Amino acid sequence: MKTTPEENKALVLEAFDTLFNKRDYEAAARFWSDAYIQHSAHIKPGREGLFNLIRSSPDTLRYEHQRIVAEGDYVIVHGRFTGTGRPVASVAADIIRIENGRLAEHWDVLEDEATKAESESGLPMFGVRFPA
């Protein structure tokens, strides 16, 4: 099943919302491949590694995206995770490979969100305002 970059972007956004915001694991399992490959150093292998991380996260966890680009079977989404129980939000660049209409492989780059005082550029890392 070949999907277009636009379909892949919609798939990733719906998958992320279903897992991170709605916490609907049964529905999320339809988005993630059974053979999901996880490259993130902070997440245990496979789909269950990711799902178990979210299960163990605070109920306040939220994900929001700002930018998303796709080329071929790859999607990169620039987003922010808040309510993780850490003192600051994480800004992420998630790279996802799509195969047969499902999320098949994942890499990410995470960074603590900077305050205005911490930002050498004077610009926020996510959105148009600095975190409160």
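Here, the structure is the one placed above.
Each value, and the rule that gives it
- Residues numbered from 1 in each chain as written.
- Predicted model: local features only at pLDDT ≥ 70, side-chain atom pairs only at ≥ 80, totals over all residues.
- Heavy atoms only, no water.
- Phe/Tyr/Trp six-rings, centres within 6.5 Å; stacked < 30°, edge-to-face > 60°.
- Helix = DSSP H or I, 4+ residues; strand = E, 2+ residues; numbered from the N terminus.
- Buried < 20%, exposed > 50% of the residue type's maximum accessible area, 1.4 Å probe, protein only.
- Lys NZ or Arg CZ within 6 Å of the ring centre and 35° of its normal.
- Pairing = 2+ DSSP bridges.
- Axes fitted to C-alpha atoms, helices over the stretch in contact; angles between N-to-C directions.
- Contact = heavy atoms within 4.5 Å.
- Polar contact = N/O pair within 3.5 Å; in protein donor to acceptor, adjacent residues only side chain to side chain.
- Salt bridge = Lys/Arg side-chain N within 4 Å of Asp/Glu carboxyl O.

J.: How would you sum up the packing of aromatic side chains? Please name residues and give values.
T.: Considering all chains together, one arrives at ten aromatic pairs under this definition. Taking the centre distance of 5.1 Å and the plane angle of 90° together, the rings of F20 and F81 count as edge-to-face. Linking F20 in helix α1 (residues 5-21) with F81 in strand β3 (residues 74-82), this pair joins segments that are 61 residues apart in sequence. Here F20 matches F81 in class, with each residue buried. Between W32 and Y36, the aromatic rings sit 6.5 Å apart at their centres with planes inclined by 85°, giving edge-to-face as the arrangement. By relative accessible area, which is 1% here, W32 ends up buried. The class of Y36 is buried, set by a relative accessible area of 6%. Three or more aromatic residues joined by ring pairs form one cluster here, namely F16, F20, Y25, W32, Y36, F51, Y63 and F81. Over the ring of Y25 we find R55, and its NZ or CZ is 4.3 Å from the ring centre.

J.: Provide a residue-level description of unusual backbone geometry, including the pertinent values.
T.: Keep in mind that most residues, glycine aside, have a negative phi and that most peptide bonds are trans. Of note, R23 is a non-glycine position whose phi angle comes to about 55°, a positive value. Turning to its location among the elements, R23 is positioned in the loop between α1 and α2 (25-29). For N100, which is not glycine, the phi torsion reads 55° and is therefore positive. Inspection of the secondary structure assignment puts N100 in the loop between β4 (90-99) and β5 (102-112).

J.: Which residues make up the sheet that holds β3, and what values go with them?
T.: As a general point, the strands of a sheet are linked pairwise by backbone hydrogen bonds and lie either parallel or antiparallel. Taken in spatial order, the five strands of this open sheet run β1-β5-β4-β3-β2, and their pairing is mixed. Looking along the sheet, the strands with just one partner apiece sit at the ends: β1 (32-38) and β2 (62-71). Adjacent strand axes in the sheet meet at a mean angle of 25°, parallel and antiparallel pairs treated alike. Against the sheet, helix α3 (residues 46-55) contacts β1 and β5, and its axis sits at roughly 85° relative to β1.

J.: So what's going on with the environment of L13? Residues and values would help.
T.: Its place among the elements puts L13 in helix α1. When the C-alpha atoms of L13 and I37 are compared, they prove to be 18 Å apart, with 24 residues separating the residues in sequence. The residues contacting L13, other than those within four sequence positions of it, are H65, I68 and V77.

J.: Residue-level account of the side chain of R80, with values.
T.: With respect to the helices and strands, R80 occurs in strand β3. Reaching out from R80, the side chain makes a polar contact with the side chain of E113 at a distance of 2.8 Å. If we ignore the near neighbours within four places in the chain, the residues touching R80 are R62, Y63, E64, A89, S90, V91, E113 and F126.

J.: Can you break down the pattern of salt bridges residue by residue, with the values?
T.: Tallying each qualifying case throughout the model produces twelve salt bridges. Close ionic contact of R23 with D59 constitutes a salt bridge, the shortest N to O distance being 3.4 Å. With a gap of 36 residues between them, R23 in the loop between α1 and α2 and D59 in the loop between α3 and β2 connect regions that are remote in the sequence. The class for D59 is exposed, based on a relative accessible area of 64%. A salt bridge links R80 to E113; the nearest nitrogen and oxygen atoms lie 2.8 Å apart.

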